[in-house]
Structure formats: structure tokens, C-alpha cells
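Here is what each chain is made of, one letter per residue.
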Amino acid sequence: ECDAGQVFWLDMLEAMDEVEIHTVSGDVRFTGNANEFTLEAVEGNLTVEGDVGDLEVDAVDGNLTFTGSVRTAAVACANTDVTMYLDMATALSFDQVDGDVELFLSEEITGFTAEAESLGGGIRIEDFTDLTATGDRYTRWGDGSLRIQVNGVNAKLTVKKATND
């Protein structure tokens, strides 16, 4: 438990089966591995680093940054920008209102299929050539194995290649 405005930092040395964090105000930083990770936050910056099986995030007012691997992610945010640096992923779902999603994909990811159902948003692809399908609402690259879905209002999806910096 942490008071409003404080930073909650959890650094796990061992993998956990399930991690669940709820906060009203303040930043959250988690480093570690978990089979299931749930984070609910109102007002604050959220940082997650590690390998997560299933990621579920509900957030209002702040930023979410994820670095690592995730099997599936279900992210619902309002007034929150999401940035993910992904080593590996299978399925990502975003329900966004007034927030952008920016994905940086490692070379380990061999393809993606991105769909956007958003008023005032769309899909922007950078650094990827040989797209097999492209458009403002649907894009496919490579084998299409990573499924990306964005639903919302004023929610733009940007997909880029990760750099080694």
C-alpha cells in the first residue's frame, strides 16, 4: 500500500505466478517475471519490465511503458499513452480513449497483423518494408503472427522496429 503521490517499486528476484497491483495516485514500477500481471491505476506513470505471460492493465491519466516479452496483453486506458518495447508477443489488445499506442518490435518478431477500429486514429507503420497488406485500419507484415487490435477514440497505433540503442 502506498500513499497518494508516492512511487511504488517492486523488484522481483524470482518469477511469480500472479501479481496484482491497484493504485489511485502515484507511479508504479515493476521489474520481474510473472505468469499473470494485473495493474489498475488512476493517475500515475506505470513501468513494467520483464517477461509476463498475460498482462492486463486498466489506467487513467498517465503513461504506461512496458519492456520485455508478453504472451498476451489487454490494455484499457483513458488519457494514457502506451509505449511497448517487445522482445516477443502473441496477441495485443488496446481499448484507448485519448491516448496513443507505440510499439517497438525486436527482430525476433517475424510478423504482425494490426487492426484499428478508432475514431480519429489509425495505423502508422515505420521501418517495415514488404507489407503484405496496408491501409489506415489494417496492416500485415511478415507471417502476421503477432495480432494487434486497437479500439477507441483518438487512439493512434504506431509500429516501429526496435533499435539496438
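This is a predicted model, so every value here is computed, not measured. (Residues numbered from 1 in each chain as written. Predicted model: local features only at pLDDT ≥ 70, side-chain atom pairs only at ≥ 80, totals over all residues. Heavy atoms only, no water.)

Provide a residue-level description of the pattern of salt bridges, including the pertinent values.
All chains considered together, the criterion is met by 6 salt bridges. With a closest N to O distance of 3.4 Å, Arg 147 and Glu 115 form a salt bridge. Residue Arg 147 is found in strand E10 (residues 146-153), and its partner Glu 115 is found in strand E6 (residues 111-119); the two are separated by 32 residues along the sequence. Residue class for Arg 147 comes out partly exposed when judged on its relative accessible area of 42%. Judged by its relative accessible area of 24%, Glu 115 is partly exposed. A salt bridge links Lys 160 to Glu 126; the shortest N-O distance between them is 3.8 Å. One end of the pair, Lys 160, is in strand E11 (residues 156-161); the other, Glu 126, is in the loop between strand E7 (122-125) and strand E8 (131-133), with 34 residues separating them in the sequence. A single salt-bridge network, built from bridges that share partners, covers Glu 102, Arg 124, Glu 126 and Lys 160. (Salt bridge = Lys/Arg side-chain N within 4 Å of Asp/Glu carboxyl O. Helix = DSSP H or I, 4+ residues; strand = E, 2+ residues; numbered from the N terminus. Buried < 20%, exposed > 50% of the residue type's maximum accessible area, 1.4 Å probe, protein only.)

Before we move on, could you go through the side chain of Thr 83 and cite the residues and values that matter?
Structurally, the position occupied by Thr 83 is in strand E4 (residues 34-97). Apart from residues no more than four positions distant in its own chain, Thr 83 is found in contact with Leu 64, Thr 65, Phe 66, Glu 102 and Phe 104. (Contact = heavy atoms within 4.5 Å.)

Describe the environment of Val 82, naming the residues involved and giving the relevant values.
With respect to the element layout, Val 82 can be found in strand E4. Judged by its relative accessible area of 1%, Val 82 is buried. Each C-alpha atom, one on Val 82 and one on Val 101, is 4.7 Å from the other, the two residues being 19 residues apart in sequence. Discounting chain neighbours no more than four positions away, the residues touching Val 82 are Leu 64, Val 75, Cys 77, Phe 94, Gln 96, Asp 100, Val 101 and Glu 102.

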